Amino acid sequence: MPLPPIPIGMDAATAAINSSHPPPTNTSANTLFPEMLSRHSIICGATGTGKTVTLRFLTEQLNTRGIATLVTDLKGDLGGLGAPGGDSEKVSARVKLFGLDRNYYRSFPLCQWGRGGLSMRTTPSELGPELIGRMLQLNDNQQGLMHLLFHIADVQGLLLLDWKDLWSLINYAERHRKDLLTEFGTVSPASLGAIKRKFLALETRGADTLFGEPALDLNDLVTGNHTHLLDASDMQPAIYGILLLWLLAELYENLPEVGDRELRLVLFFDEAHLLFDDLPKNLCEEVEQIVKLIRSRGVGVFFITQNPLDIPENILAQVGNRIQHAMRAYTPTEQRAVKAAANSFRTNPEIDTAKAIGELAVGEALVSCLDRDGVPQPVSRLLIHPPASRLRPLDAEERAILLRNNPLQQKYNRKLDRQSAYEQLQNRREPAEQQPNKPHAKKPGTLVTELDRMATSFGRQIGKELVRGLMGALTGRKR
Ligand SMILES: Nc1ncnc2c1ncn2[C@@H]1O[C@H](COP(=O)(O)OP(=O)(O)O)[C@@H](O)[C@H]1O
Ligand SMILES: [Mg+2]
């Protein structure tokens, strides 16, 4: 059974007939088919043109159709989804214009993550050396060392579950630098020092809170029809980007395959350019690959961005549904962006797309969605449907109530601290610590014996999991 299609707006001419007209229904010009969302979508436009309001309306509509969504909220301004609307004059005016009344306003079941909500965590071993290195913005040498550190943890059977595990692994490598040489090759003190400094810098910016257990259980995202809101307003862009890349890979790897038209989860990535900023080419190609393949898992992605040129070409080429809000075209760079945006639409003889992009009012957009056969419909110019929830964010008290009533709170907001690298290394009676005056060179025998022991027992199995990077999942390096 296909889901009911979403009428995303009304053309200005219809709206201008000021007599009371009924709320818009689906026409060939204004319809978004939910089953086409796994073909991915983009919302573009300059600041203040209506992107976030459009995103909000679509999330609401998906929610009423029983589809779970995960929305990233960089400014912390989407919490109002959890409260009924009617607070904004502009929205009220449009509600009236669309033939709706106050009964239209309502709240939506919200599950808040991030700031003031549930902790969305992963473990360093899940994230893997590649993405951790990216998060730390390591250079090639340092990145190589990061892989080596994970390999050492692997061989040694050290579990990397939280931030202090990473710290103790680095300190361990520093202490045993010379011993490690025989077994693993050079551990450059300069690179080690640089990694330490970058770790410290990131820690003061809150990266440590991203790591730990309980890690996110993907089932909690896809079961039920909640709107999951990830408030990333206190998250550094680099951390935010990595978290989303990881999430994409996890979803791809762990969700079962579904039929072509089955939709299970829709992700809305606001400020999507942060995903791709400075992304190395090989990683970018892997992301393009995941975005392509994640369709088969019933996951649709919305990229929300100011400039379509911020999104890699190969990802743009995959996007099926397009909503384009106004963009300025004063500078040559802006003109290029407008041209690129205009060219991505299927033409409509009645609309000069490039010109219209410069003229669109706030809350108005050029729209072209895929029809039921997956063919892009000709571009149309629409006033976007107003949302039903409140624009004003939740205040601290409302957030607290929401969190208190969230059945997942017990599960996520009690941090576990299992035995892992930090404790393992503390418990291990290291010759280095017991005989501080003896030079390191005299002890490799002990260490190598220990390495062997760890490697043959529990190290190998868990290790395989430990060293996998995010993208190992795709390239088959994982298993
Ligand atoms: N569809 C709409 N209906 C009514 N008002 C809208 C609509 N879209 C945008 N607006 C108005 O424009 C303001 C800015 O929109 P917003 O979505 O926050 O812009 P952006 O995310 O592009 O920066 C909103 O606060 C609201 O007042
Ligand atoms: Mg916005």
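Since we're looking at a predicted model, the values are computed, not measured. (Residues numbered from 1 in each chain as written. Chains lettered and ligands numbered in written order. Predicted model: local features only at pLDDT ≥ 70, side-chain atom pairs only at ≥ 80, totals over all residues. Heavy atoms only, no water.)

Looking at the pairing of strand S12 (residues 380–384)
With four of five residues buried, S12 lies mostly within the body of the structure. Pairing analysis gives two bridges linking strand S2 (residues 9–10) to S12, with the strands arranged antiparallel. What sits directly across from glycine 9, in S12, is isoleucine 384. Where strand S11 (residues 364–368) and S12 come together, four bridges link them in antiparallel fashion. Bridging across to S12, glutamate 364 finds its partner in leucine 383. (Buried < 20%, exposed > 50% of the residue type's maximum accessible area, 1.4 Å probe, protein only. Helix = DSSP H or I, 4+ residues; strand = E, 2+ residues; numbered from the N terminus. Pairing = 2+ DSSP bridges.)

Re the confidence of the model for the chain
Looking at the chain as a whole, the pLDDT averages 85, with 89% of positions reaching at least 70. In the model, residues 473–479 has pLDDT below 50 throughout and makes 17 contacts with residues more than four positions away in sequence or in other chains. (pLDDT = per-residue confidence, 0-100. Contact = heavy atoms within 4.5 Å.)

Here we look at the site of ligand 1
Around ligand 1, a shell composed of 16 residues is seen, among which Gly48, Gly50, Lys51, Thr52 and Val53 lie nearest. Between ligand 1 and threonine 52 there is a distance of 2.7 Å, counted from an oxygen atom to a side-chain nitrogen or oxygen. At 3.4 Å, a side-chain N or O of arginine 94 approaches a nitrogen atom of ligand 1. Surface burial for ligand 1 is 83%, taken as the share of its 560 Å² of free accessible area covered by protein chains. Put simply, the parts of the chain that give the shell around ligand 1 at least two residues each are helix H2 (51–64) and helix H3 (89–97). Here the residues of the shell around ligand 1 sort into six nonpolar, seven polar and three charged. (Near = heavy atom within 4 Å. Polar contact = N/O pair within 3.5 Å; in protein donor to acceptor, adjacent residues only side chain to side chain. Areas by Shrake-Rupley, 256 points an atom, 1.4 Å probe, with all protein chains shown as cover. Nonpolar A, V, L, I, M, F, W, Y, C, P; charged D, E, K, R; others polar.)

What to know about the nonpolar core
Among the nonpolar cores identified, the biggest contains 88 residues, and Trp113 and Phe303 are the most heavily contacted of them. A per-element tally of this core places helix H10 (residues 237–254) first, with twelve residues. Two domains each put at least three residues into this core: domain 1 (6–113 + 227–394) and domain 2 (124–211 + 415–475). Once you skip the residues sitting within four places of it in the chain, phenylalanine 303 turns out to touch Ser41, Ile42, Ile43, Phe269, Ala272, Leu275, Phe276, Val291, Ile311, Ile315 and Val319. In terms of nonpolar packing, the next biggest core, distinct from the first, is built from 39 residues, Leu37, Phe57, Leu229 and Cys369 among them. (Core = buried A, V, L, I, M, F, W, Y, C linked by side-chain atoms within 4.5 Å. Domains from an automatic or database assignment.)

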